[in-house]
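Each chain, written out:
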Amino acid sequence: ADEDLALLEGEVTDDEREVATTLPVLAVVGRPNVGKSTLVNRIIGRREAVVEDNPGVTRDRVSYPAEWSGRRFTLVDTGGWEVDVAGIHKRVAQQAEVAIELADAVLFVVDATVGSTDTDEQVVRLLRRSGKPVVLVANKVDGPAVEADAATLWSLGLGQPHPISALHGRGTGDLLDAAMAALPTVSAHATPLPDGPRRVALVGRPNVGKSSLLNKVVGSERVVVDDVAGTTRDPVDELVALGGKPWVFVDTAGIRRRVHQTSGADFYASLRTQAAVEKAEVAVVLVDASAPMTEQDIRIVQQVIDAGRALVVAYNKWDLMDDDRRPFLEREIEQQLVQVQWAPRVNVSARTGWHTDRLVPALERALASWDTRISTGRLNAFLGELVSAHPHPLRGGKQPRILFATQASTRPPRFVIFASGFLEPTYRRFIERRLRETFGFEGTPITISVRVRE
Ligand code: GDP
Ligand code: GDP
């Protein structure tokens with residue numbers, strides 16, 4: 001039977017094995033109305049038009065999994081910012097800066113029917129200075145008549161303009177070929193070395209105490225880069241020895257530099273969080289325990305889960321906690337963070353340093369879970385018992401049978417269950433709950449996908 005399982009295990013596809021942390025990032029940048037959203041929708045194959053007709057509404061998601069000719073990458077949509085004509089130069093430039101910071105290559109979109117504007121030229125300067133690969137997109141070339149307009153964009157000095165119609169799909173295949181040629185196969189942000197220090201993102205909404213906690217934790221402990229061999233590190237990251245081990249806190253520049261409050265600030269904060277989380281293996285989501293939890297807190301927790309990173313939730317400002325506030329906090333945690341009951345929770349005070357020493361053990365537990373691999377034998381023994389005690393409910397006289405399961409990857413743990421029919425969501429959740437009860441997985445998201453075999 002073991003041989004059978006080994007054989008079947010071989011049938012798990014490569015994309016299931018692929019670790020999201022290595023996917024390169026392609027960002028779409030450009031002025032409002034040049035067609036960025038339309039292009040993003042076309043690339044990710046989204047049917048419904050989500051072209052923003054309601055400026056001012058900040059989109060929650062800014063990055064999407066995408067694929068072209070067998071290559072997978074992360075597409076970052078920077079188009080979710082508010083349109084405000086007065087501050088337009090600054091805003092577009094800011095958007096480009098963030099995109100440059102987090103991308104491995106940039107799709108710069110220009111409206112060919114308008115030609116290049118001052119704003120476009122300002123962005124071009126930023127892009128060229130960054131040294132990142134840029135693919136120039138001449139959009140709205142709906143037919144041959146507009147081709148000549150596209151050619152004038154050579155003047156931007158970014159090389160060949162790629163004429164496309166994001167609306168009709170014209171030329172987008174060639175564009176994506178060019179984008180794939182520009183994009184490295186592995187993200188520069190990705191892949192910590194197996195023996196290198198573990199990478200932590202400290203995230204949370206403004207004023208929860210990120211920079212206070214960073215200062216407290218880093219304190220006098222900062223170590224020189226060269227002290228740890230084999231570290232690839234951005235200058236924005238900080239290397240710290242904690243609990244006798246080196247840790248890298250990623251993207252700390254964004255924490256130390258107080259980001260200027262503009263009307264698009266939330267959106268940029270969300271992009272920065274995303275970038276930090278994607279560069280890290282584990283995220284500490286800092287929440288202000290002394291104030292009501294907000295939607296933004298929940299959204300940040302969700303960003304960590306979606307990115308598949310290990311998670312620790314730290315309730316800060318505990319020194320301000322009093323008996324009146326406490327029951328409210330407990331209720332908020334129960335009601336709003338039920339989906340992450342598995343995350344280790346630490347109560348801290350960045351101001352006094354109270355309990356900040358509990359952070360490292362929590363990080364270690366979460367990372368150990370994130371790395372966990374359950375052998376196929378153990379997993380199937382567990383499922384066999386579970387299924388015989390609690391079979392899937394009958395549906396239309398039929399009962400889907402679980403044939404076998406395997407863990408396709410770690411970091412985070414991903415499981416694939418092969419079954420004779422679709423499993424109901426409640427049953428999947430039941431399996432997840434039992435997996436967690438049996439194997440722990442404290443501090444890590446896990447995913448379960450089901451493959452139906454006839
Ligand atoms: P964004 O603000 O850059 O994200 O631009 P949108 O994707 O929202 O597009 C702005 C407008 O341009 C919308 O009305 C789109 O339908 C239109 N548009 C986008 N791409 C094309 C295109 O290739 N051809 C034409 N004719 N219109 C387009
Ligand atoms: P950031 O925007 O998340 O980096 O937050 P800061 O670290 O700048 O903190 C925002 C404010 O909260 C500052 O006035 C801090 O002094 C205060 N603060 C941070 N941590 C604590 C804490 O544990 N207790 C109290 N009472 N105040 C704190």
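Just so you know, these numbers come straight off a predicted model, no measurement behind them. (Residues numbered from 1 in each chain as written. Chains lettered and ligands numbered in written order. Predicted model: local features only at pLDDT ≥ 70, side-chain atom pairs only at ≥ 80, totals over all residues.)

Caption draft 1: The arrangement of the overall build of the protein chain in detail. When you go through the protein chain residue by residue, the secondary structure sums to 15 helices and 15 strands. Taking all 454 residues of the protein chain together, the buried fraction comes to 38%. Of all intrachain contacts in the protein chain linking residues separated by at least 6 positions in sequence, the fraction that spans at least 24 positions is 73%. (Helix = DSSP H or I, 4+ residues; strand = E, 2+ residues; numbered from the N terminus. Buried ≥ 20, exposed ≤ 12 C-beta atoms within 10 Å, placed from the backbone. Contact = placed C-beta atoms within 7 Å.)

Caption draft 2: Representation of the site of ligand 1. The local shell around ligand 1 holds 17 residues, among which Gly35, Lys36, Ser37, Thr38 and Leu167 are the closest. Broken down by element, the residue count for the shell around ligand 1 peaks at three residues, all from helix H3 (residues 36–44). Here the shell around ligand 1 is built from residues that sort into five nonpolar, eight polar and four charged. (Near = placed C-beta within 6 Å. Nonpolar A, V, L, I, M, F, W, Y, C, P; charged D, E, K, R; others polar.)

Caption draft 3: View of the sheet that holds strand E12 (residues 345–347). Pairing in this open sheet of six strands is mixed, and the strands run E8-E9-E7-E10-E11-E12 from one edge to the other. Of all strands in the sheet, those with a lone pairing partner are strand E8 (238–242) and E12, marking the two edges. Across this sheet, the average inter-strand angle for adjacent strands is 30°, counted without regard to direction. In this sheet, strand E9 (residues 245–249) lies alongside strand E7 (residues 198–203) in parallel orientation, the contact comprising three bridges. Its bridge partner lying in E9, Val200 is registered against Phe249. Against the sheet, helix H8 (residues 210–218) engages E7, E8, E9, strand E10 (282–288) and strand E11 (310–316), with an angle of about 55° to E8. Strands E7, E8, E10, E11 and E12 of the sheet are contacted by helix H13 (residues 359–370), whose axis makes an angle of about 160° with E11. (Pairing = 2+ DSSP bridges. Axes fitted to C-alpha atoms, helices over the stretch in contact; angles between N-to-C directions.)

Caption draft 4: Broad picture of H13. With twelve residues, H13 ought to run about 16 Å at 1.5 Å a step, and its terminal C-alpha atoms sit 16 Å apart, in line with that. Every buried residue of H13 is accounted for by Leu359, Ala362, Leu363, Ala366, Leu367, Ser369 and Trp370. Looking straight down H13, one finds its buried side chains confined to an arc of 160°; they lie on one side. Contacts made by the buried residues of H13 are with E7, H8, E10, E11 and E12. (Expected span 1.5 Å × (residues − 1). Arc of directions from axis to C-beta.)

Caption draft 5: Structural detail: unusual backbone geometry. Looking along the chain, the bond that leaves Arg411 and enters Pro412 is cis, with omega of 0°. Looking at where Pro412 falls in the secondary structure, it is placed in the loop between strand E13 (402–409) and strand E14 (414–419). Positive phi outside glycine occurs at Lys317, with the angle close to 65°. Inspection of the secondary structure assignment puts Lys317 in the loop between E11 and helix H12 (325–336). Of note in the backbone geometry, Arg411 takes a positive phi value of approximately 60° without being a glycine.

Caption draft 6: Geometry of the sheet that holds E14. Taken together, the three strands give an open sheet; going across it, the order is E13-E14-E15, and neighbouring strands pair in mixed fashion. The two strands at the open ends of the sheet, each matched to only one other strand, are E13 and strand E15 (447–452). Each strand axis lies, on average, 25° off the axis of its neighbour in the sheet, ignoring direction. When E13 meets E14, the two strands line up antiparallel, connected through six bridges.

Caption draft 7: Structural detail: the site of ligand 2. Taken together, 16 residues sit near ligand 2, with Gly209, Lys210, Ser211, Ser212 and Arg351 positioned nearest. For the shell around ligand 2, a count of residues per class yields five nonpolar, seven polar and four charged.

Caption draft 8: Geometry of the nonpolar core. Counting 50 residues, the largest nonpolar core has Val200, Val282, Ala283, Val285, Leu311 and Val312 as the members making the most contacts within it. In this view, Val200 contacts Trp247, Val248, Phe249, Val250, Ala280, Val282, Val284 and Leu363; residues no more than four positions away in its chain are not counted. Within the second largest apolar cluster, 40 residues are counted, among which are Val29, Val109, Val110 and Leu183. (Core = buried A, V, L, I, M, F, W, Y, C linked by C-beta atoms within 7 Å.)

Caption draft 9: Summary view of helix H11 (residues 295–306). The terminal C-alpha atoms of H11, which comprises twelve residues, lie 16 Å apart, in line with the 16 Å expected from a rise of 1.5 Å per residue. Among the residues of H11, those classed as buried are Asp297, Ile300, Val301, Gln303 and Val304. Mapping the buried residues of H11 onto a view down its axis gives an arc of 155°, with all of them on the same face. Gly308 sits one or two positions beyond H11 and adopts a positive phi of about 75°.

Caption draft 10: Spotlight on the environment of Gln160. With respect to the secondary-structure elements, Gln160 resides in the loop between helix H6 (147–151) and strand E6 (161–163). When the C-alpha positions of Gln160 and Val137 are compared, they lie 8.8 Å apart, and in sequence the two are 23 residues distant.

Caption draft 11: Spotlight on the confidence of the model for the protein chain. Summary statistics for the protein chain give a mean pLDDT of 80 and a share of 78% for residues scoring 70 or more. Low pLDDT, under 50, characterises residues 47–61; the predicted model gives this stretch 14 contacts beyond four residues in sequence or across chains. Scored below 50 in pLDDT, residues 223–233 shows 18 contacts in the model against residues more than four places distant or in partner chains. Here the complex is predicted with pTM 0.63, and the ipTM for its interfaces comes to 0.63. (pLDDT = per-residue confidence, 0-100.)

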